[in-house]
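As a plain string of letters, each chain reads:
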Amino acid sequence: MINFETAAHWYGRDGSAHHDAGLKEARKENLYPSVTTVDKEVFRNIGLERYKMNQLVMAACSNPRQPHETDEGYSNRIYQLSLEHSKSAAEFGTALHDAIEHYPQMPLDTNLVPWLDKFGVWYSDNVAHPIHQEKVLVDHDLGVAGRCDFIGIGKGKFEGITIVPDWKTQDVKKDDKGRKKPNFYPSWGRQLAFYAVSFAKETGSFPMGIPTCISVVIDSNEPEEPFVKVWSEDEIKDAYITFVAGAWLYFSGSGNRKPFWPQQNGQFKMGFGVPIPFHADTD
């Protein structure tokens, strides 16, 4: 009845984007799903589910059914109205993300300049120079790909090491004591772990040379210096192993889907071989 929006992204084995493809085309062309596609399908986000339900209920309460509307028409109208808040937040996040991609060049939208100024303080203190921006990383062992925000060489407390920061915008809330406290979600760690391991594999530094992973949260409410979480090496290793388990579930046919194994190196098995090399007892 409802035409639900889907956000599945697909890539070719060469990293080329096939975002218009569906599962049928992906099976036929052996396309790799994005890291976020796998993560969202396998790992339940209770907070996000509650948020979506809340938006649906609020939209229905604020917009009564019109006499001429069919069940399907009214349902789809309420669904689209429920997406307006998240779409507005996404538009700001996309605009700021694009501006950061071209930093230190200032954006044409002068409304974003205050946020860029605050972001620049963190960037100047922690980034020596970029290596890649918006780089597609492909893991042929898993059959997964994804677009990484930034890979660079750090400075300051990250002096001389490879860093993988991920830019996030968030409606940062205050705690009971009035202090701003952003959320750093486990899915962010899994996403960063995938990027870090994929890049290490590409450069031949895996498993010893895993880049340092950083979540950089920018408050969408007002411009101020970003909130930062530096993920520990153990956190990233555990996050990667968790993601590999999720990828195995995804490809082996989670839910009602048929199994789908696009891996270049063949179907992988949990705990055997290349995908999870961090712990000796996994073999």
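Structure first, text after, so check above.
J.: So what exactly am I meant to see when it comes to empty space enclosed by the protein here?
T.: Rolled over the atoms, a probe with the dimensions of a water molecule shows which regions are left empty. Under the criterion given, the structure shown has one cavity of 30 Å³ or more. As for the largest cavity, its lining consists of I100, E101, Y103, Y123, Q133, F150 and W167. Across the lining of the largest cavity, the residue classes tally to five nonpolar, one polar and one charged.

J.: Looking at this structure, I do not really get unusual backbone geometry. What am I missing?
T.: The bulk of non-glycine residues show a negative phi, and the bulk of peptide bonds are trans. Residue P104 is bonded to the preceding Y103 through a cis peptide linkage, with omega at 15 degrees. Within the secondary structure, P104 sits in the loop between α5 (84-101) and α6 (113-126). Unusually for a residue other than glycine, N30 sits at a positive phi of about 55 degrees. Position of N30 relative to the elements: it lies in the loop between α1 (23-29) and β2 (32-33). With relative accessibility at 28%, the residue N30 sits in the partly exposed group. Of note in the backbone geometry, E134 takes a positive phi value of approximately 55 degrees without being a glycine. Locating E134 in the fold gives a position in strand β3 (residues 127-139).

J.: Please clarify how the pattern of salt bridges should be interpreted in this entry.
T.: Any two side chains of opposite charge can pair, given that their charged atoms come close. Using the criterion set out here, one finds 14 salt bridges in the structure. Note that E69 and R77 form a salt bridge whose closest N and O atoms lie 2.6 Å from each other. We classify R77 as partly exposed; its relative accessible area is 27%. With a shortest N-O distance of 3.1 Å, D166 and K168 are connected by a salt bridge. The class of D166 is buried, set by a relative accessible area of 4%.

J.: Would you explain the side chain of E69 in this entry?
T.: Turning to its location among the elements, E69 is positioned in the loop between α3 (46-62) and α4 (71-82). For E69, a relative accessible area of 12% translates into the label buried. A polar side-chain atom of E69 sits 2.9 Å from the main-chain amide nitrogen of Q66. Once residues lying within four places of it in the same chain are set aside, the contact partners of E69 are P64, Y74 and R77.

Rules and cut-offs
Residues numbered from 1 in each chain as written. Predicted model: local features only at pLDDT ≥ 70, side-chain atom pairs only at ≥ 80, totals over all residues. Heavy atoms only, no water. 1 Å grid on protein atoms, 1.4 Å probe; cavity = no way out; pocket = protein on both sides within 12 Å on 5 of 7 lines; lining within 4 Å. Points joined across faces, edges and corners; volume = space filled by probe spheres on them. Nonpolar A, V, L, I, M, F, W, Y, C, P; charged D, E, K, R; others polar. Helix = DSSP H or I, 4+ residues; strand = E, 2+ residues; numbered from the N terminus. Buried < 20%, exposed > 50% of the residue type's maximum accessible area, 1.4 Å probe, protein only. Salt bridge = Lys/Arg side-chain N within 4 Å of Asp/Glu carboxyl O. Polar contact = N/O pair within 3.5 Å; in protein donor to acceptor, adjacent residues only side chain to side chain. Contact = heavy atoms within 4.5 Å.

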